[in-house]
Amino acid sequence: MKILTCIAVGTLLTLNLVTFLFLLDLVPQKNLSNIYKPKEVLDFSAFYTAAHIINSGEVGNLYNQELQLKVQNEKIPPPTRSTPLTFRNPPIVGYLFLPFSVLDYSSSYKLFLLMNLLIICFALVITCKTFEIKNSVALVVGGAFYPLFATLYWGQISSLVFLGISLSFYFYKKKLFLFSGVFASLVFVKPQFLLFLPLVYFGLKAGEQRKLFFLGAFGALLVVALTSVLLLGSDGVWAYPKFVTSTERLTAGTDTTFLYTISGAFYKFFGRERGFIPGLITSAAVYSISLLKLAKKSFKQDLLNPKIILIIVLTTLLTSMHALIADYLSLIIPILLFLKKPKWVALFLFVFSSILADSFVFIGSLMLTALLIRETLERPLRVGKAPLH
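Residues numbered from 1 in each chain as written. Predicted model: local features only at pLDDT ≥ 70, side-chain atom pairs only at ≥ 80, totals over all residues. Heavy atoms only, no water.

**Student:** Explain the pattern of salt bridges residue by residue, including any values.
**Tutor:** Oppositely charged side chains may form a pair once their charged atoms are brought near each other. If you walk through the whole model with that rule in mind, you get two salt bridges. Between Glu132 and Lys173 there is a salt bridge, with the nearest N and O atoms lying 3.3 Å from each other. Here the residue Glu132 occupies a position in the loop between helix H5 (105-131) and helix H6 (135-143), and Lys173 occupies one in helix H8 (residues 158-173), the gap between them amounting to 41 residues. Overall, the relative accessible area of 32% leaves Lys173 in the partly exposed class. A salt bridge links Lys190 to Asp327; the nearest nitrogen and oxygen atoms lie 2.5 Å apart. Within this pair, whereas Lys190 is found in the loop between helix H9 (177-184) and helix H10 (196-203), its partner Asp327 is found in the loop between helix H13 (306-319) and helix H14 (332-338), the two being separated by 137 residues in sequence. (Salt bridge = Lys/Arg side-chain N within 4 Å of Asp/Glu carboxyl O. Helix = DSSP H or I, 4+ residues; strand = E, 2+ residues; numbered from the N terminus. Buried < 20%, exposed > 50% of the residue type's maximum accessible area, 1.4 Å probe, protein only.)

Take a look at the structure:
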């Protein structure tokens, strides 16, 4: 079995190396053109566009599709687009990318890739500290987790959502419930994941925990809302929801057949028009059931209980209106927890998130990683016990 372990580790390292060499333009794109799409159509393009619009003093027109298309054709090669890859996040996200607007597109993309990697690694370390998991196990599992690759390659900000969730659990363990709420609100960078906050609230014990968490989350979101009003003006803020719903289509850069949500499943089989209402009703029903489940007395345990975390994270992802495979990055938290016991739950979640990706490239990596997990975990991971070194 030692030989198989070596093969598993070697395969993972090779895949990781080839991927990063490609991302840094050290492997010709033509060699992998059947696997990866050109960088010019990646999500980073939308953030880069928003930064240039803000830098030009046009923040009031940030959510203008014509302006976004014009900037993308000017700043991102090749200038042949007929529709933009729309920026649909809150305006503060655009301001976060302002430093990248001073660089050309290719250099900005590589810099953000490295920063994204550092954010993800930091979030993994925080998760390990919170749940007292071996760092080596987290790095091996994370290194072969397809949503992690998707986040890096597409230039997604799912890393910030993952970081916010990780820090929220970390400060909860430290009994700093106010800060837990503040960092949980970081999911606002992708507004559809604000569903996370009520789920955590009802997963907490009634009383001081809920009160302080609510104050932290509400206070942080209030600052975000007021800042957005100051940046966009009241008209811009009211127009934002309409802009988001109107751009939820392929011509605006969103392929609704690749949304990994309950609603996305209805869109895939029935089309967006016929599937919207059934998808919305089903999502609302599942979300309500999860809230009730968390509110029951039988769940008045520590928020860090693996079952509670699984319910919170998976419900947030599946019932949101918009979740891509990169957004499943946060699912690595319950995966690491369920490596303790029962391990089949962790492996199921791991493979499930990879099947969603529709990518044959990483299937071998996933299977080898499952083997690696089975072989390297000689002792069960015990949440709340002394760290394993």
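**Student:** Outline unusual backbone geometry, supporting the account with residue identities and numerical values.
**Tutor:** Positive phi, normally seen in glycine, also occurs at Glu132, with a value near 55°. Under the relative-accessibility criterion, Glu132 is labelled buried at 18%. If you check the backbone angles, Lys175 has positive phi at about 65° while not being a glycine. Residue placement: Lys175 occurs in the loop between H8 and H9. What makes Lys175 exposed here is its relative accessible area of 63%.

**Student:** So what's going on with the nonpolar core? Which residues, and what values?
**Tutor:** Ranked by internal contacts, the top residues of the largest apolar core, which has 95 residues, are Phe97, Phe169 and Phe196. Counting residues per element, this core draws most heavily on H5, which supplies 11 residues. Excluding residues within four positions of it along the chain, Phe169 makes contact with Thr130, Phe131, Phe196, Leu303, Leu304, Ile309 and Ile333. (Core = buried A, V, L, I, M, F, W, Y, C linked by side-chain atoms within 4.5 Å. Contact = heavy atoms within 4.5 Å.)

**Student:** Describe the packing of H10 against H13, naming the residues involved and giving the relevant values.
**Tutor:** For the pair H10 and H13, the least separation of the axes is 9 Å and the interaxial angle reads 160°. Here H13 runs roughly antiparallel to H10, going by the angle between their axes. Here H10 runs over H13; the crossing is right-handed. Residue-level contacts link Phe196, Leu199 and Val200 of H10 to Ile312, Thr315 and Thr316 of H13. Tallied by class, residues from the contact of H10 with H13 come to four nonpolar, two polar and no charged. (Axes fitted to C-alpha atoms, helices over the stretch in contact; angles between N-to-C directions. Parallel < 35°, antiparallel > 145°, perpendicular 65-115°, else oblique. Left-handed = near helix turned anticlockwise from the far one by under 90°. Nonpolar A, V, L, I, M, F, W, Y, C, P; charged D, E, K, R; others polar.)

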